[in-house]
Amino acid sequence: MVTTTLDARRARRIAEQVPDPELPMLTLADLGVLREVSLDSDGTVVASLTPTYSGCPAMAEMRAGVAARLKDAGYACVEIRTVLDPPWTSDWITPQGRRKLAEHGIAPPGAAPARAAGPVPLVLSPIRRSVACPRCGSADTEETSRFAATSCKALWRCLACREPFEYVKEI
Amino acid sequence: MSDDHVYMTLAEGHEDDTRWAYGTGFEDPLHGVDTAVPDGVDAGELAALCVTLADDALVSAQRLAEWTTRAPELEEEVALANIGLDLLGQARLLYSRAGQVDGTGRGEDAYAYFRDAGEFRNIRLAELPNGDFAFSIVRLLVFAAWRLAHFERLTAHRDPVLAAIAAKGVKELAYHRQYAAEWAVRLGDGTEESHRRTRRAFEQVAPYLGELFTAYDVRDEVVAVLRQVTEAAGLPMPVYRPLPGSGRTGEHTEHLAPLLAELQGVARAHPEATW
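Residues numbered from 1 in each chain as written. Chains lettered and ligands numbered in written order. Predicted model: local features only at pLDDT ≥ 70, side-chain atom pairs only at ≥ 80, totals over all residues.

Concerning the overall build of chain B
Inclusion rule: Put simply, DSSP H or I for four residues or longer makes a helix, DSSP E for two residues or longer makes a strand, and each gets a number counted from the N terminus. Our exposure labels follow a C-beta count within 10 Å of each residue's own C-beta, placed from the backbone: buried means 20 or more other C-beta atoms, exposed means 12 or fewer, and partly exposed covers the counts in between. Residue pairs qualify as contacts under a 7 Å threshold applied to their C-beta atoms, which are placed from the backbone.
From N to C terminus, chain B includes ten helices and zero strands. Along chain B, from the amino end to the carboxyl end, the secondary structure elements read α-α-α-α-α-α-α-α-α-α. Counting every position in chain B, which comprises 275 residues, the buried fraction comes to 45%. The contacts of chain B with a sequence gap of at least 6 include a subset with a gap of at least 24, amounting to 77%.

Digging into the interface of chain A and chain B
For the record, the criterion: Classification convention: Asp, Glu, Lys, Arg as charged; Ala, Val, Leu, Ile, Met, Phe, Trp, Tyr, Cys, Pro as nonpolar; all other residues, Gly among them, as polar.
Taken together, the contact pairs 37 residues of chain A with 48 residues of chain B. At the level of secondary structure, the elements contributing two or more residues to the side of chain A that touches chain B comprise helix 3 (59-72), strand 3 (78-82) and strand 5 (141-145) of chain A. The element contributing the most residues to the side of chain A that touches chain B is helix 3 of chain A, with eight residues. Of the residues contributing to the side of chain A that touches chain B, the split by class is 23 nonpolar, seven polar and seven charged.

What to know about the sheet that holds strand 2 (residues 45-49) of chain A
All names here are of chain A. Rules: Should DSSP find at least two bridges between two strands, the strands are taken to pair. Lines fitted to C-alpha atoms define the axes, with helix axes restricted to the stretch in contact, and inter-axis angles between N-to-C directions lie between 0 and 180 degrees.
Read from one edge to the other, the open sheet built from three strands follows the order 1-2-3, with strand pairing classed as mixed. Each edge of the sheet is formed by a strand with only one pairing partner; in this case those strands are strand 1 (34-39) and strand 3. For this sheet, the mean inter-axis angle between neighbouring strands, taken without regard to orientation, is 15°. Alignment of strand 1 against strand 2, held across five bridges, turns out to be antiparallel. Opposite Ser38, over in strand 2, you have Val46 as the bridge partner. Against the sheet, helix 3 makes contact with strand 2 and strand 3, and its axis sits at roughly 155° relative to strand 3, the strand it touches most.

Looking at the packing of helix 2 (residues 43-65) of chain B against helix 3 (residues 74-101) of chain B
Residues and elements named next belong to chain B. Here is the rule: Our angle categories are set so that under 35 degrees counts as roughly parallel, over 145 as roughly antiparallel, 65 to 115 as roughly perpendicular, and the remainder as oblique. Two helices cross in a left-handed way if the nearer one is turned anticlockwise from the farther one by less than a right angle. They cross in a right-handed way if the turn is clockwise.
Two elements in contact, helix 2 and helix 3, have axes whose closest approach is 7 Å; the angle formed by their N-to-C orientations is 155°. The pairing of helix 2 with helix 3 is recorded here as roughly antiparallel in orientation. Here helix 2 runs over helix 3; the crossing is left-handed. In terms of residue class, the contact of helix 2 with helix 3 is built from 22 nonpolar, three polar and one charged.

Quick word on the nonpolar core
Selection rule: To define a nonpolar core, we join buried Ala, Val, Leu, Ile, Met, Phe, Trp, Tyr and Cys residues through C-beta atoms within 7 Å and take the resulting set. Note that the domain bounds reflect an automated or database-derived domain assignment.
By size, the foremost hydrophobic cluster in this structure holds 124 residues, and its most contacted members are Cys50, Ala54, Ile137, Leu141, Ala145 and Ala184 of chain B. With 17 residues, helix 7 (residues 160-188) of chain B is the largest single contributor of residues to this core. Formed jointly, this core draws a minimum of three residues from each of two domains, domain 1 (2-82) and domain 2 (105-111 + 127-168) of chain A. With near-sequence residues (within four places) excluded, Ile137 of chain B lies in contact with Ala180, Trp183, Ala184 and Leu187 of chain B.

Structural data, given as structure tokens:
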């Protein structure tokens, strides 16, 4: 029993270290997409992953990455499960993940909007958000596009140092 | 850890170069999800609902992708492509769910590539050609407002898989509706020319609104959003005169078949191909 627990913990540590294909400075644990790693009674490692966005093209690569790392570490039977509920939120990016994003010039997300039950209100007045430039730290920044090179990011620019930067959206 | 290094670690175990590059293998996007249909849920109805919602998303994603290299600004091209990608992801999940519950075990490709226009159940609004930027924005606004309201209700569906797909989609659709609404206001309240084109776009989508309001009663909510946007844009609310027929029963405009020919061409010419 003790061995099983230790083994499950080891499997989890291995799965946690797999890098995200699109934000490779983050591990899957930093990104908050690795939900659970457990060991079945027959020795199968079951790793549960959740997608960030429905159309995230990196999902298949994440599954393959986790399975390959665990097999390399000696786990012969690996099963990857997809978990959709509850849906991923940018709040699950760990403090370490946020620090790594900023170090790589990507502004980390603020708190995700709280979602009350019922119709989602449409707000047409500009939503003021203060995003610090990951390069110079200035708060004098503006959004240039809410969509960017990957689903999870927006494009911003700093009006102080004039550098454009990416920003992980709250969702 | 340098970026070069982490990319190298990603490529480990992918010596077989058919693996690396997104899209190879196309694993079931619901891989490992509990496939059981709860007691009391009619599997046939559930599958039909999933196909309907997936067809709307797939056809819309194809139209949005047509803007790539043609949008007025690079930022808009990236935005429209991203919105299309979200919808494509929703379509994949919904087709997979349909194949699990309709007893055929069909995968997403069977639905997307190997059905003809008459078998598609998407709304006709989704298949209309892109027109100008104003038309594409107004069409996206109507579609996203309807789909967001519909998905918000589906989060309480008795099928937990459909409810989870909807909960995920709600967050994405809120971004889509916001993008389209802001552009509709900017265009309607912009120059004389952009105002004229946006007004025309609302008139052009009006006959197709009826098809949206069938299965679930989200009509008031969608109309309220359109009223909010047209007021802010200084535009009249479109007068709604429904057209006969419905995409929901497989009656489509002449525009769907050419769209599908482009979408399905490679898969049908090389049905066993992988890349």
